[in-house]
Amino acid sequence: MSALKDRLNDDLRGAMKGRDELTTSTLRMVLAAVRTAEVAGKQAKELSDDDVLAVLTREAKKRREAATAFADAGRAEQAAKETAEGDIIERYLPAQLGDAELAEIVAGALSAAGTTAMGPAMKAAQAAVAGRAEGGRVAAEVRRQLAG
């Protein structure tokens, strides 16, 4: 079992013992998404830490989008709940890169890849960033550097 999944399970038990309902429900939801990813496809597999991080990133993005949608619809209470769940998930994600750090890493990846096509450039940049920035931010930076 991956170390990150172990940490999620341990923190879930701690939240249950501490009767922290929001953390308990959020971690249960995240672990359910991890289990779903493990059994997706033709054969069940054990997820690595990177795979679990990808699931966590996806879940955090869902919470941000839902919070925005609820806020736009005037449902502040539900938006606050989604934001709080997103904050709990963020604890398990690596620190996000700043704009300058992202630009530097993307520039290094592009020069190492030696490509000017968007697809291969994105693949190289995503590998270099390794989940420390959202895909949209990476794509925007790659486009900016390829155009400039």
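Procedures and definitions
Residues numbered from 1 in each chain as written. Predicted model: local features only at pLDDT ≥ 70, side-chain atom pairs only at ≥ 80, totals over all residues. Heavy atoms only, no water. Helix = DSSP H or I, 4+ residues; strand = E, 2+ residues; numbered from the N terminus. Buried < 20%, exposed > 50% of the residue type's maximum accessible area, 1.4 Å probe, protein only. Polar contact = N/O pair within 3.5 Å; in protein donor to acceptor, adjacent residues only side chain to side chain. Contact = heavy atoms within 4.5 Å. Core = buried A, V, L, I, M, F, W, Y, C linked by side-chain atoms within 4.5 Å. Expected span 1.5 Å × (residues − 1).

Caption draft 1: Main features of the side chain of Thr23. Tracing the chain through its elements places Thr23 in helix H2 (residues 21-39). Judged by relative accessible area, Thr23 falls into the buried class, the value being 7%. Polar side-chain contacts of Thr23 include one of 2.7 Å to the side chain of Asp20. Those residues in contact with Thr23 that sit more than four places away from it in its chain are Ala15, Ile88 and Arg91.

Caption draft 2: Highlighting the nonpolar core. Ranked by size, the top nonpolar core spans 18 residues in total, and within it Leu8, Leu27, Leu47, Val52, Val55, Leu56 and Tyr92 carry the most contacts. Mapped by element, the contributors of at least two residues to this core are helix H1 (3-17), H2, helix H3 (49-72) and helix H4 (76-90). Per-element accounting of this core gives the leading share, six residues, to H2. Each residue touching Leu8, except ones within four places of it in the same chain, is listed here: Leu27, Val30, Leu31, Val52, Leu56 and Tyr92. If you look at the next biggest cluster of nonpolar residues, it comprises 12 residues, including Leu97, Ala121, Met122 and Val138.

Caption draft 3: Broad picture of H4. Helix length check: H4 (15 residues) gives 21 Å between terminal C-alpha atoms against 21 Å at 1.5 Å per residue, within 8%. Taken residue by residue, H4 has Ala79, Glu82, Glu85, Gly86, Ile88 and Ile89 as its buried positions. Tucked inside the fold, the buried residues of H4 contact H2 and H3.

Caption draft 4: Inspection of the environment of Ala69 at higher detail. Relative to the helices and strands, Ala69 is located in helix H3. Take Ala69: its relative accessible area is 46%, and that puts it in the partly exposed class. For the pair Ala69 and Ala79, spaced 10 residues apart in sequence, the C-alpha separation works out to 7.7 Å.

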